[in-house]
Amino acid sequence: MATREVENIFADILERAKALDPVNTRKWFEKLTVLHLSGGSLEIGCPDEATRQFLRDNCKNSFTRAAQQITGHLVTVDFNVEQRKGLLRRSRRRESGLNLHPDYTFDNFVVGPSNRLAQASCIAVSQSPGNTYNPLFLYGNSGLGKTHLLHAVCSEAKQKSDKAVIQFLSCENFVNRFIRAIEEGNLAGFQSQFRTVDMLVIDDVQFLSEREQSQEEFFHTFNTLYSNGKQIILSADSPPGKIPSLEERLISRFNWGLVARIDPPSYETRVAIIQKKAHLRGLSICDEIAEYIARKVHANIRELEGALTTIYAVATTTGEQITIELAQRALEGQIESAARHISITDIAEVVTNHFDVRLADLQSKKRSQSIAEPRQICMYLARNLTKHSLEEIGGHLGGRDHTTVMHACNKIGEAKSCDPQMHTLLNELTKQITQAPQA
Ligand code: ADP
Ligand code: MG
């Protein structure tokens, strides 16, 4: 095929893929190229490792369907960084394990009074790790941008110094790897992995709460890195002294450097964030609609994005222009009617149907993934769509206590923000729940 022809076909495939999955469409799709198209395989070139990972995780399905629809043939799709092959292999090895989200950069982070200190200290640390604020400790409620900033620091530090060894993981992951190392009798391996890095970034350290042995291990890791002048960055949902049952010596170390709080964003910051998120998806959104969303959703930026996604999804399914009326309809359907009538039973019914499990399973003690995940999703949706307390939700789902429900809500909330498939699923379930005829 002539190059020109291949490019035209690819342009059509790209347009179709965007239409098939608007939630995962990004403005930088414009930079994608076709590396190879023939014999039933399409290889797409992307600018870097982070975008490749995003595409492989989120877009394979929509691109495959789009390619099949446009060409009329079975086509397999893959994504690769557009570089010479030798370079490609090297960069893959270097980046392995450091799974950075391409959306979570400093450029895409909107700064306002609520997060200025956190953002500025993250930039300072990324420019000169180990030399400014050490440790850097960010804290704030869920959905206010802690994880976003941690990704941004890592991307920036990696760009500045290719050779820097960075470990970035959630505290839950740190604890699980520690436990596995003990079980496998490979503590030395674990320790060398964490004590020899240039930068250690751990998200959600409140997870150390009540885990004494992990705290002990973390204490020694901290000391080794700190005394070698290596950078440590931590995040949590509360300041060091407020994390329940955290050892005094850890609290004091976490306070050695800079502790930066992130507050809920002001109205102006919320408007700017909505505009930024729309721009990132290649959407233009008028001020009136951005302001409408910012007035409706206050406390949590994840929910702001959810509102934008809902509006966008309604517009693509109905083929309408995004107007203020459409935005009102889309959000009122989701938020207001939800708060008025929905019961946990409505939610459980939609969730059990979707996953093909029984309510009795959700209420049972079973902990297999195929039951636990629907149960957690049920808890998350009940928390967001009804006014029931954590205790009531736990009570309805097999007499579980409020910490279990809270853990489930955090976990699913996190998954929603970093896994677009979960995002789509939750929106879809929410739509079914809010649109179901009320009893
Ligand atoms: P946290 O880790 O504090 O719970 P996240 O970092 O996961 O919050 O942020 C939730 C969502 O909100 C992410 O999609 C993130 O990109 C977005 N977000 C948070 N703060 C900002 C900001 N200041 N500018 C742009 N997006 C933001
Ligand atoms: Mg987070």
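This structure is a prediction, so every number in the text was calculated from the model and none was measured. (Residues numbered from 1 in each chain as written. Chains lettered and ligands numbered in written order. Predicted model: local features only at pLDDT ≥ 70, side-chain atom pairs only at ≥ 80, totals over all residues. Heavy atoms only, no water.)

**Brief notes about the overall build of the protein**
Check the secondary structure of the protein and you find 20 helices and eight strands. Here the C-alpha atoms of the protein give a radius of gyration of 23 Å, agreeing with the 22 Å that 2.2 N^0.38 yields for 439 residues. Residue pairs in contact within the protein that sit at least 24 positions apart in sequence constitute 71% of those at least 6 positions apart. Entry remark: accessible area of the protein is about 21,100 Å², with carbon and sulfur atoms responsible for 48%. Across the protein, the centroid of the 51 positively charged side chains sits 4 Å from that of the 52 negatively charged ones. (Helix = DSSP H or I, 4+ residues; strand = E, 2+ residues; numbered from the N terminus. Rg over C-alpha atoms; globule rule 2.2 N^0.38 Å. Contact = heavy atoms within 4.5 Å. Areas by Shrake-Rupley, 256 points an atom, 1.4 Å probe, with all protein chains shown as cover. Lys, Arg positive; Asp, Glu negative; His and termini not counted. Charge placed at Lys NZ, Arg CZ, Asp CG, Glu CD.)

**Quick look at empty space enclosed by the protein**
If you walk through the whole model with that rule in mind, you get one cavity of 30 Å³ or more. Here the largest cavity defines a volume of roughly 210 Å³. Arg26, Asp103, Arg281, Glu305 and Ser417 are the residues nearest the centre of the largest cavity, which is lined by 18 residues in total. Secondary-structure elements contributing two or more residues to the lining of the largest cavity are helix 11 (267–280), helix 13 (301–318), helix 19 (402–418) and helix 20 (420–435). Tallying contributions element by element places helix 19 first for the lining of the largest cavity, with three residues. Residues that form the lining of the largest cavity fall into these classes: six nonpolar, four polar and eight charged. (1 Å grid on protein atoms, 1.4 Å probe; cavity = no way out; pocket = protein on both sides within 12 Å on 5 of 7 lines; lining within 4 Å. Points joined across faces, edges and corners; volume = space filled by probe spheres on them. Nonpolar A, V, L, I, M, F, W, Y, C, P; charged D, E, K, R; others polar.)

**A word on the domain arrangement of the protein**
By a frequent convention, interface size equals the accessible area lost on bringing the separate parts together. Domain parsing of the protein yields domain 1 (3–89), domain 2 (116–261), domain 3 (267–338) and domain 4 (345–435). Here domain 2 and domain 4 have C-alpha centroids that lie 30 Å from each other. (Domains from an automatic or database assignment.)

**Notes on the site of ligand 1**
Taken together, 20 residues lie around ligand 1, and Gly143, Thr147, His148, Lys277 and Glu305 are the ones closest in. In this structure, an oxygen atom belonging to ligand 1 sits 2.6 Å away from a main-chain N or O atom of Gly143. In the model, an oxygen atom of ligand 1 is placed 2.8 Å from a nitrogen or oxygen of the Lys146 side chain. Bound to the protein, ligand 1 loses 99% of the 550 Å² it would expose on its own. Looking at the shell around ligand 1 residue by residue, the class counts come to six nonpolar, nine polar and five charged. Counting contributing residues per domain, the shell around ligand 1 is built from domain 2 (116–261) and domain 3 (267–338), each supplying no fewer than three. (Near = heavy atom within 4 Å. Polar contact = N/O pair within 3.5 Å; in protein donor to acceptor, adjacent residues only side chain to side chain.)

**A look at a negative patch on the surface**
Together, Asp287, Glu288, Glu291 and Glu325 make up a negatively charged patch on the protein surface. Looking at the negative patch, the element that brings in the most residues is helix 12 (residues 287–296), giving three residues. Mapped onto the fold, Glu291 is located in helix 12. The class for Glu291 is partly exposed, based on a relative accessible area of 31%. (Patch = residues over 30% accessible without salt bridge, like charges linked within 9 Å, V, L, I, M, F, W, Y side chains within 5 Å. Salt bridge = Lys/Arg side-chain N within 4 Å of Asp/Glu carboxyl O. Buried < 20%, exposed > 50% of the residue type's maximum accessible area, 1.4 Å probe, protein only.)

**A look at the sheet that holds strand 2 (residues 41–46)**
Pairing within the open sheet is mixed, and its three strands lie in the order 1-2-3. This sheet does not close on itself; its edge strands, each paired only once, are strand 1 (33–38) and strand 3 (76–81). Sheet twist, expressed as the average angle between the axes of neighbouring strands with direction ignored, equals 20 degrees. Bridge count between strand 2 and strand 3: six bridges; the pairing is parallel. The residue of strand 3 that forms the bridge with Glu43 is Asp78. Contacts from helix 2 (residues 49–58) reach strand 2 and strand 3 within the one sheet, and its direction differs from that of strand 3 by about 160 degrees. Sitting on the sheet, helix 3 (residues 60–71) touches strand 2 and strand 3, and the angle it makes with strand 3 is about 125 degrees. (Pairing = 2+ DSSP bridges. Axes fitted to C-alpha atoms, helices over the stretch in contact; angles between N-to-C directions.)

**A short note on the packing of helix 1 (residues 3–20) against helix 3**
When two helices pack together, you describe them by how their axes are tilted relative to each other and by the distance separating the axes. Where helix 1 meets helix 3, the closest approach of the two axes is 8 Å, and the angle between their N-to-C directions is 130 degrees. The angle between the axes of helix 1 and helix 3 places the two elements in the oblique class. With respect to the hand of their crossing, helix 1 and helix 3 are arranged in right-handed fashion. Facing Ile9, Asp12, Ile13, Leu14, Arg16, Ala17 and Leu20 of helix 1, the residues of helix 3 in contact are Ser62, Phe63, Arg65, Ala66, Ala67, Gln69, Ile70 and Thr71. Taken together, the residues of the contact of helix 1 with helix 3 sort by class into nine nonpolar, three polar and three charged. (Parallel < 35°, antiparallel > 145°, perpendicular 65-115°, else oblique. Left-handed = near helix turned anticlockwise from the far one by under 90°.)

**A short note on the pattern of salt bridges**
If the charged atoms of two oppositely charged side chains come close together, the side chains can form a pair. For the coordinates displayed, the defined rule picks out 16 salt bridges. Here Arg302 ties to Glu414 by a salt bridge, and the two come within 3.4 Å at their closest N and O atoms. Taken as a pair, Arg302 in helix 13 and Glu414 in helix 19 lie far apart in primary sequence, 112 residues in all. Taking the relative accessible area as the measure of exposure, Glu414 reaches 26% and is therefore partly exposed. It is possible to trace a salt-bridge network through shared partners that takes in Arg56, Lys60 and Asp78.

**Examining the packing of aromatic side chains**
Per the stated rule, a full pass over the model turns up 15 aromatic pairs. Judged by centre distance (5.6 Å) and plane angle (35 degrees), the rings of Phe137 and Phe254 are tilted. Highlighted residues: Phe137 in strand 4 (residues 136–139) and Phe254 in helix 10 (residues 248–254), separated in sequence by 117 residues. We note that Phe137, like Phe254, is buried. Taking 5.9 Å as the distance between ring centres and 10 degrees as the angle between the ring planes, the aromatic pair formed by Phe222 and Tyr226 counts as stacked. (Phe/Tyr/Trp six-rings, centres within 6.5 Å; stacked < 30°, edge-to-face > 60°.)

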